[in-house]
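Breakdown of the fold
As a plain string of letters, each chain reads:
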Amino acid sequence: MLTSFFKALANLFKTPKTIDYPLTPIAKDEKYRGVIEYNQDECIYCLKCEKACPPGAILFVPVDNPPINEKNKKGLKYHYNPHLCIYCSECVRACPKPQEALWQSNKKGHIGIKDDKINDDWFELEELKK
Amino acid sequence: MKKTINIPIGSQHIALLEPVRFKFECENEKIVGVDSDVGFVHRGIEKACTTKFKYDAIGYVVARVCGLCAITHSMTYTASIEKLIGGEITQKAKYLRILLLELDRIHSHMLCLSHTCENAGFEAMFMRIMGDREDIMEIQELITGNRVQFDYISIGGVNRDIDAALAKKILSKLELVRQKVLGYMDEFTNNWSLSLKFKGVGILTLDDAYRFNAIGPLARASGVQADVRNEIDYLPYNEIGFKMQKHTEGDINARNLIRLNELLNSIEMCNNILEGLPEGEIFTKLRGKPNGESVVRFEAPRGELMYYVKANGSAMLERVRIKTPTFSSIPAFSHIFTGANYADAPAILASFDPCLSCTAK
Amino acid sequence: MMKKIETSIDTLKKDIKEFYDYKKWHFLTLNGVALEDDMLEIQWIFSEYEVKNKIVVYYAHIKYDELIPSIVEIIPSAIISQREIVDMFGVEVEGSQKGLYLDEDSQQKPLSGCSI
Ligand code: SF4
Ligand code: SF4
């Protein structure tokens with residue numbers, strides 16, 4: 001009884017466990033998993049990342065004005081869907097030039113609740129792929 | 001005239017966190033019959049594994065069966081594929097796998113303990129345990145980069161390494177948690193509001209535990225020596241100080257104590273791993289396609305998890321069967337409910353630590 | 001080690017009764033695997049307590065329209081796996097109703113080889 005009374009009293013003066021979120025930012029480690037970033041000048045268009053991705057969040061589709069790169073023989077363009085990505089980093093492991101052409105950042109993906117046609121645009125790309 | 005009345009609990013109910021519906025047939029206060037419906041969150045993952053994904057991606061698919069024991073699911077699946085391909089992974093990768101599995105067990109047991117407290121009406125304890133659990137979540141986030149879906153284990157090893165600075169940080173956090181767990185031990189054995197609600201309630205006898213094939217903490221609280229960690233040899237559990245926990249009472253209190261003792265044992269194992277982590281590669285590339293059948297079992301926080309995989313040498317598997325812990329405990333659950341008081345039902349249910357997302361897969 | 005023992009639906013009850021000692025063997029689950037030619041393999045999987053890697057699988061090859069005998073009187077906890085098999089493969093098991101996972105209006109027998 002007495003111990004619990006003292007404990008309760010001591011608890012009054014403890015700092016809370018929670019943080020004041022928008023004012024105090026959440027601590028972020030360098031190694032946290034975030035969106036995949038890509039550099040089209042370094043890419044050799046081997047499409048290994050596309051094959052390795054479990055949910056199919058990376059697509060290379062033929063477009064009319066593809067990025068200029070001598071390796072890009074078929075006129076493909078890289079597309080990435082952060083809403084589909086599970087941040088597993090399999091694509092980076094599959095890539096022959098990791099950290100140069102493709103790497104994982106620790107940035108948070110863009111939140112897509114208010115975008116319109118967020119899925120339809122991606123479905124169109126998937127159609128093009130077929 | 002009919003003597004009994006039917007009282008449902010769930011699928012949406014204030015005392016129940018999981019999408020399950022029980023229909024209790026009650027005679028006055030006593031439950032005399034139970035009927036359960038568990039299929040509310042069925043997602044057809046077994047089907048998806050054989051039609052939509054190649055074998056090397058399924059490790060990430062099955063991790064989505066359950067958020068709490070995601071790592072055990074990917075571990076068990078990966079182990080069965082490694083068995084079929086016939087590759088060996090490095091010793092260091094094995095130790096890192098155990099480290100994550102045990103951290104997962106720690107945070108899952110803490111969640112369960114906090115819910116039992118909440119269901120006994122002890123909100124403050126619930127908050128305390130949940131707050132302390134945050135330390136474990138942080139460790140996991142530092143190691144894997146993710147808070148819940150770790151995606152840490154892949155076929156051939158693990159995805160990320162631990163450096164010395166990180167190991168030191170983890171060790172100090174684990175020591176903090178260990179002190180807290182010793183504090184809970186005291187609370188769970190001596191506090192009146194907990195023992196009144198828990199002692200002698202929801203008993204499963206030893207004989208019934210065998211007959212209903214109880215697993216995990218539920219079985220060990222009744223005195224069955226069933227821990228899959230003791231019955232496998234593809235992870236070196238014996239080397240790092242695994243001890244089987246056992247009680248004989250079989251009531252809710254015994255289940256809580258089993259979980260608390262397992263917490264301490266898991267923390268000790270994590271310490272041993274971090275102190276004696278061997279040098280070496282964390283990933284070996286395995287060549288070849290899986291062929292044949294394999295059954296692999298593993299101890300998830302809630303009990304035994306089993307995967308049956310059948311492959312035919314191509315990238316698509318023929319069959320993936322997932323047997324989750326809660327699923328095979330349902331007969332034992334129903335047996336315990338029969339004869340208990342209706343008012344105890346939420347507390348008993350929380351002590352099983354059911355995971356319906358696993359069950360319905 | 002996984003040991004596979006063949007049985008048939010006629011001898012199943014006898015075989016399991018002789019084999020199953022409830023303090024020694026742990027019943028894991030019932031499993032179905034769709035085979036070619038509209039056949040189905042049903043497996044009853046057991047493991048031994050406190051022994052490393054010992055798994056015994058009883059299996060029987062059946063057609064989809066055959067009635068599978070129930071082993072509930074020998075192993076009470078088999079009931080839940082039997083109900084799952086009924087839903088997933090559209091077979092009939094003695095004394096097990098449909099509707100553990102699937103509702104009336106969902107796609108039926110998703111895992112059987114001949115549904116889609
Ligand atoms: S991180 Fe994983 S899901 Fe995301 S793009 Fe890479 S492979 Fe695909
Ligand atoms: S794997 Fe790397 S180099 Fe190959 S296409 Fe993808 S980003 Fe480019």
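Residues numbered from 1 in each chain as written. Chains lettered and ligands numbered in written order. Predicted model: local features only at pLDDT ≥ 70, side-chain atom pairs only at ≥ 80, totals over all residues. Heavy atoms only, no water.

Another aspect to go through is the overall build of chain B. Looking only at helices and strands, one finds 13 helices and eight strands in chain B. The C-alpha radius of gyration of chain B comes to 21 Å, within 12% of the 21 Å expected for a compact globule of 361 residues. Its C-alpha atoms give chain B principal-axis dimensions of roughly 70 × 45 × 35 Å. Put simply, chain B has 361 residues, and 64% of those count as buried. A separation threshold of at least 6 residues defines the contact pool for chain B, and within that pool the share at least 24 residues apart is 70%. Here chain B displays about 12700 Å² of accessible surface, and carbon together with sulfur accounts for 52% of that area. (Helix = DSSP H or I, 4+ residues; strand = E, 2+ residues; numbered from the N terminus. Rg over C-alpha atoms; globule rule 2.2 N^0.38 Å. Buried < 20%, exposed > 50% of the residue type's maximum accessible area, 1.4 Å probe, protein only. Contact = heavy atoms within 4.5 Å. Areas by Shrake-Rupley, 256 points an atom, 1.4 Å probe, with all protein chains shown as cover.)

On to the pattern of salt bridges. Residues and elements named next belong to chain B. Going through the model one piece at a time under the given rule, you end up with 24 salt bridges over all chains. For the salt bridge of glutamate 82 with arginine 97, the shortest nitrogen-to-oxygen distance reads 3.0 Å. Taken together, the residues glutamate 82 in helix α3 (residues 70-85) and arginine 97 in helix α4 (residues 91-119) connect sequence positions 15 residues apart. Take glutamate 82 and arginine 97: they sit in the same class, and that class is buried. (Salt bridge = Lys/Arg side-chain N within 4 Å of Asp/Glu carboxyl O.)

It is worth spelling out the pairing of strand β3 (residues 39-48) of chain C at this point. All names here are of chain C. Within β3, nine of the 10 residues are buried, leaving the element largely enclosed by the surrounding structure. For strand β2 (residues 25-34) and β3, the ladder comprises nine bridges, and the chain directions are antiparallel. Residue pairing in the sheet places alanine 34 in a bridge with leucine 40 of β3. Linking β2 back to β3 in an antiparallel pair, the connection comprises four residues, with aspartate 37 at a positive phi of about 55°. The pairing of β3 with strand β4 (residues 55-63) spans nine bridges and is classified as antiparallel. Within the sheet, the bridge partner assigned to isoleucine 42 lies in β4 and is alanine 60. In this antiparallel pair of consecutive strands, β3 and β4, the connection spans six residues, and glutamate 50 shows a positive phi of 60°. (Pairing = 2+ DSSP bridges.)

Surrounding ligand 2, one finds A:Tyr38, A:Cys43, A:Ile44, A:Tyr45, A:Cys46, A:Leu47, A:Lys48, A:Cys49, A:Phe60, A:Cys95, A:Pro96 and A:Leu102. Residue composition of the shell around ligand 2, grouped by class: 11 nonpolar, no polar and one charged. (Near = heavy atom within 4 Å. Nonpolar A, V, L, I, M, F, W, Y, C, P; charged D, E, K, R; others polar.)

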